[in-house]
Amino acid sequence: MTTADKALELSGVGTISGTPEEVRRRLARLPAEQVVALTLQHSNKAAVRALLDTVANLAPLVSSIIEHRQDAMFRSIIEALVPDVPPPQHKLIEARMTAEARKRVIESGEWMTATEIAEMAGFSSSNPSAQPNKWKKEGQIFAIRHHGMDYFPGYAFDSSTDYRPTKGLARVLEVFRGKKDDWGLAYWFASANSFLGGKRPQDLLISKPDRVVAAAEDEVAGVLHG
């Protein structure tokens, strides 16, 4: 068995070179279904061998890419023919309730962008998100993601400290660490709290931070023991 025969058997792709007459004779003995011919007017043996090696290495990749594209096209045709599956009713109800809850949260407090915070606190306008993001990373504040943008709670900034995050917020975030995500925190701060006599935590965060922290601890304890 020749080298071309072995290559054809192993990978499905074989290469041969020589004069037209030599190639013709070898093709007659080669068990191939399809043949691609490449003619060279002027070339030396080293260049021919390099070209053959390149073709032999690339040919299986081309076949694989074509097969992958055919599979992708086949899947896209199936997806186009299959009608959309409507979500379960309980998922629709859950999505509507979540949307309504988020709408109430957004309307319940003053939410600010990083640029607005930078302007309020007198930070550099060249990179307004730097300091708010640093506070967020350090656990001093949180932000909700809405329409692709971070919004920070205005009730967390204390005018008496040049609009830096009130230290009570960091304590509350520590209590809820790993237990509430950003939207969960926003819901909690905006909801009437029985531990606080029906007041919202966000309304007492600056004036009575210890009470708000205690309310957070009470909720966590209730969840753990409830």
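Scroll up to find the structure this text is about.
Residues numbered from 1 in each chain as written. Predicted model: local features only at pLDDT ≥ 70, side-chain atom pairs only at ≥ 80, totals over all residues. Heavy atoms only, no water.

Novice: Hey, could you run me through helix α5 (residues 114-121) in this one?
Specialist: Turn by turn, an α-helix covers 3.6 residues, leaving residues three or four places apart pointing in a common direction. Every buried residue of α5 is listed here: Ala114, Ile117, Ala118 and Ala121. For α5, the buried positions fall inside an angular range of 100 degrees around the axis, keeping them on one side. In the core, the buried residues of α5 are packed alongside β1 (111-112), α6 (130-137), β3 (149-153), β4 (157-158) and β5 (164-165). Phi turns positive one or two residues past the end of α5, at Gly122, with a value near 80 degrees. (Buried < 20%, exposed > 50% of the residue type's maximum accessible area, 1.4 Å probe, protein only. Helix = DSSP H or I, 4+ residues; strand = E, 2+ residues; numbered from the N terminus. Arc of directions from axis to C-beta. Contact = heavy atoms within 4.5 Å.)

Novice: Hey, could you run me through the packing of aromatic side chains in this one?
Specialist: For any pair of aromatic rings, the description consists of the separation of the ring centres together with the inter-plane angle of the planes. Evaluation of the coordinates by the stated rule reveals 9 aromatic pairs. Seen in terms of ring centroids, Trp135 and Phe157 are 6.0 Å apart; in terms of plane orientation they differ by 50 degrees. Their pairing is tilted. Taken together, the residues span a long stretch of sequence, with Trp135 in helix α6 and Phe157 in strand β4 at a distance of 22 residues. With a relative accessible area of 5%, Trp135 lands in the buried category. Assessed through its relative accessible area of 6%, Phe157 is described here as buried. A centroid spacing of 5.0 Å and a plane angle of 70 degrees characterise the contact between Phe176 and Trp188, whose relative ring orientation is edge-to-face. In this pair, Phe176 is assigned in the loop between α7 (167-175) and α8 (182-190) and Trp188 in helix α8, connecting sequence segments 12 residues apart. (Phe/Tyr/Trp six-rings, centres within 6.5 Å; stacked < 30°, edge-to-face > 60°.)

Novice: Help me understand a nonpolar patch on the surface, please; the structure alone is not making it clear to me.
Specialist: The grouping of Leu58, Leu61, Val62 and Ile66 at the surface amounts to a nonpolar patch, some 350 Å² of accessible area in total. Here Leu61 lies in helix α3 (residues 45-81). (Patch = residues over 30% accessible without salt bridge, like charges linked within 9 Å, V, L, I, M, F, W, Y side chains within 5 Å. Areas by Shrake-Rupley, 256 points an atom, 1.4 Å probe, with all protein chains shown as cover. Salt bridge = Lys/Arg side-chain N within 4 Å of Asp/Glu carboxyl O.)

Novice: What is the right way to read the environment of Trp135 from this model?
Specialist: When the C-alpha atoms of Trp135 and Asp181 are compared, they prove to be 16 Å apart, with 46 residues separating the residues in sequence. Apart from the residues within four sequence positions on either side, Trp135 is in contact with Ile117, Phe123, Gln140, Ile141, Phe157, Tyr163, Arg164 and Pro165.

Novice: Mind showing me how you'd approach the packing of helix α4 (residues 89-108) against α8 here?
Specialist: Interaxial distance between α4 and α8 falls to 10 Å at its minimum, and their mutual angle equals 60 degrees. Classed by the angle they form, the pair α4 and α8 counts as oblique. Read as a crossing pair, α4 and α8 show a hand that is left-handed. Residues Thr98, Ala101, Arg102, Val105, Ile106 and Ser108 of α4 lie in contact with α8, whose contacting residues are Trp183, Ala186, Tyr187 and Ala190. (Axes fitted to C-alpha atoms, helices over the stretch in contact; angles between N-to-C directions. Parallel < 35°, antiparallel > 145°, perpendicular 65-115°, else oblique. Left-handed = near helix turned anticlockwise from the far one by under 90°.)

Novice: Any chance you could explain the pattern of salt bridges here in plain terms?
Specialist: A pair can form between side chains of opposite charge whenever their charged atoms are brought close. Per the stated rule, a full pass over the model turns up 10 salt bridges. Where Lys103 meets Glu107, a salt bridge forms, and the shortest distance between an N and an O atom there is 2.7 Å. With Lys103 and Glu107 both in helix α4 and 4 residues apart, this pair spans about one turn of that helix. For Glu107, a relative accessible area of 57% gives the class exposed. Linking Lys136 and Asp150 is a salt bridge whose minimum nitrogen-to-oxygen distance equals 3.5 Å. Pair noted here: Lys136 is in helix α6 and Asp150 is in strand β3, with a separation of 14 residues, a long-range link. On the basis of relative accessible area, Asp150 is assigned to the buried category, the value being 18%. Through salt bridges that share partners, Lys136, Arg145 and Asp150 make up one connected network.

Novice: Honestly, the pairing of β3 in this entry has me stumped. Any pointers?
Specialist: Side-chain positions along a regular strand alternate between the two faces of the sheet. Here β1 pairs with β3 via 2 bridges, running antiparallel. Residue Met112 lies in a different strand from β3, and its bridge partner there is Phe152. Of the pairings in the sheet, the one linking strand β2 (residues 144-146) to β3 comprises 3 bridges and is antiparallel in character. By the bridge assignment for β3, His146 is matched with Met149. Counting the residues in the hairpin turn of β2 and β3 gives 2 residues, including His147, whose phi is positive at 50 degrees. (Pairing = 2+ DSSP bridges.)

Novice: Teacher, can you tell me more about the nonpolar core here?
Specialist: Soluble globular proteins: nonpolar side chains tend toward being buried together. In this structure, Phe142, Leu169, Val172, Trp188 and Phe189 are the most contacted members of the largest nonpolar core, which totals 33 residues. Those elements that place two or more of their residues in this core are β1, α5, α7, α8 and α10 (209-225). Considering each element in turn, this core owes the most residues, 6 residues, to α8. For Leu169, the residues in contact, after removing those within four places along its chain, are Gln140, Ile141, Phe142, Ala156, Phe189 and Leu205. (Core = buried A, V, L, I, M, F, W, Y, C linked by side-chain atoms within 4.5 Å.)

By themselves, these observations are geometric and do not establish any function.
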